[in-house]
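The lines below spell out each chain.
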Amino acid sequence: SGAFPWFPGGPPSPYMTLYLMSGFARAAEFGVAVPRDMVERGWRYLARDFREQWRRDLKQGCCFEYLTFLGYVASSYPDPSWAEAGLSASERREILDLGFRHWREHSPQLKLMLAMTRARSGRGADAKLVLASVMDSAKSTRDEGTYWRPEERSWLWYNDTIETHAWAVRALLEVAPEDPRRAGLVQWLFLNRQLNHWKSTRATAEVLYSVARHLEKEGSLLTTEEIRVAAAGRTARFVFDPAEFAGTERQMVVPGEALAQTTRPAVVVEKDTKGLAFASATWSFSTEQPPARGDGDLFSVERRYFRRVKQGRETTLEPLTPQSTVATGDEMEVQLSLRSRIGA
């Protein structure tokens, strides 16, 4: 039939087939040899499914999310005739026009797909209108980059926060390539990876695809990076070659006696090339005082200490202060709170 199932032996799935067609389009975009016969059979299946099911559901105002994705993928092949083996030009226009009629109801991710599809069909004014409706609600800061509040019901495939940021990078590249907020989107994505995590292999793939396109546009793809670090009268130079694994740790260690000779220790990190670099400074010391609250720009740590006091069958927590005394045999509880400004 040309269709793909979710699992071997399962029933044919329009969504899984469309997801594979999207993957083949990206492979062809990067010059990978893609089996054209398989792709054309997949599009013939998707076209039959559209005619037999989706047109009927559309009369009830249903399911334009899937069709917006369908229209986007159909416009993504370097050779448009691959998708045209199934969907005719008039059907593709019908799908595109339907998505645009409902554009205000779309989630941000779907709006970004729609903006790129409209731009590819020569409707640049519509594309900029839809893209602006997404970017106008974005917030930009020096430390965090460009971001949105997490979407409600983010478990839905068209609401994922990480993927939406990745789609926004690509939409700006296609529709508004001079918009400076594209760099802020990339900054937020990598800060999220540093302080949180990308929660799925799909989200990770979407980000890497978008960042590769961003670096290519900026002329930073496959360029050697050099970072210089100065602290307590010492300097170090770190070179990152894209053809070589950088290792798990690149660090400069300043011993305690060198720090003791510095009135106000400072760490200076410099980089001449474009793009992002992440550096962290850690001060290791020993003290008999309880650790104080640690506040960073984007990340904070707080410890609280309690004595566990049993009263009958119940146990209560008694907060410890610097004046508290602890006896041998006392049960202690330590509560550690980690907070990050980069959520999702």
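Residues numbered from 1 in each chain as written. Predicted model: local features only at pLDDT ≥ 70, side-chain atom pairs only at ≥ 80, totals over all residues. Heavy atoms only, no water.

Tracing the sequence through the fold places D49 in helix α2 (residues 36–58). If near-sequence neighbours (up to four positions away) are discounted, D49 is found in contact with P14, W54 and Y66. (Helix = DSSP H or I, 4+ residues; strand = E, 2+ residues; numbered from the N terminus. Contact = heavy atoms within 4.5 Å.)

We now examine unusual backbone geometry. Phi is positive for L222, which is not a glycine, with a value near 65°. Residue placement: L222 occurs in the loop between α10 (201–218) and β5 (225–231). For L222, a relative accessible area of 69% gives the class exposed. (Buried < 20%, exposed > 50% of the residue type's maximum accessible area, 1.4 Å probe, protein only.)

It is worth spelling out the confidence of the model for the chain at this point. Put simply, the chain has an average pLDDT of 88, and 94% of its residues get 70 or more. The spread of mean pLDDT over the elements of the chain runs between strand β8 (residues 294–295), the lowest at 66, and strand β1 (residues 4–5), the highest at 96. (pLDDT = per-residue confidence, 0-100.)

Turning our eyes to something else, we now look at the environment of T141. The residue T141 is located in strand β3 (residues 139–141) in this model. Distance in space between the C-alpha atoms of T141 and A232 is 30 Å, their sequence separation being 91 residues. Looking at T141, its side chain comes within polar contact range of the main-chain nitrogen of E144, at 3.0 Å. (Polar contact = N/O pair within 3.5 Å; in protein donor to acceptor, adjacent residues only side chain to side chain.)

Scanning the entire structure with this criterion turns up 28 salt bridges. Across the pair R123 and D97 runs a salt bridge, and its minimum N-O distance is 2.7 Å. A residue pair is termed long-range when its members are at least 10 positions apart, and R123 in the loop between α6 (108–120) and α7 (124–135) and D97 in helix α5 (residues 89–101) qualify at 26 residues. For R123, a relative accessible area of 26% translates into the label partly exposed. R228 is the salt-bridge partner of E270, the closest N and O atoms lying 3.9 Å from each other. Taken together, the residues E270 in strand β7 (residues 267–271) and R228 in strand β5 connect sequence positions 42 residues apart. Under the relative-accessibility criterion, E270 is labelled partly exposed at 43%. On the basis of relative accessible area, R228 is assigned to the partly exposed category, the value being 26%. Several salt bridges share partner residues, and in doing so they unite E226, R228, R237, E270 and D272 into one network. (Salt bridge = Lys/Arg side-chain N within 4 Å of Asp/Glu carboxyl O.)

Here helix α1 (residues 14–29) contains 16 residues, and its C-alpha end-to-end distance of 23 Å stays within 8% of the 22 Å for a straight helix at 1.5 Å per residue. Burial in α1 covers these residues: P14, Y15, M16, T17, L18, M21, S22, F24, A25, R26 and A27. Downstream of α1 by one or two residues, G31 has phi in the positive range, about 80°. (Expected span 1.5 Å × (residues − 1).)

Our next topic: the packing of aromatic side chains. Within this structure, the stated rule accounts for 8 aromatic pairs. With centroids separated by 6.0 Å and ring planes inclined at 35°, the aromatic side chains of Y77 and W82 adopt a geometry described as tilted. The burial state of Y77 is the same as that of W82; both residues are buried. Put simply, the rings of W6, Y15, Y19 and F69 pair up and form one aromatic cluster. Taking the ring centre of W167 as reference, the NZ or CZ of R170 above it sits at 4.1 Å. Over the face of the ring belonging to F240 we find R250, whose NZ or CZ atom lies 4.8 Å from the ring centre. (Phe/Tyr/Trp six-rings, centres within 6.5 Å; stacked < 30°, edge-to-face > 60°. Lys NZ or Arg CZ within 6 Å of the ring centre and 35° of its normal.)

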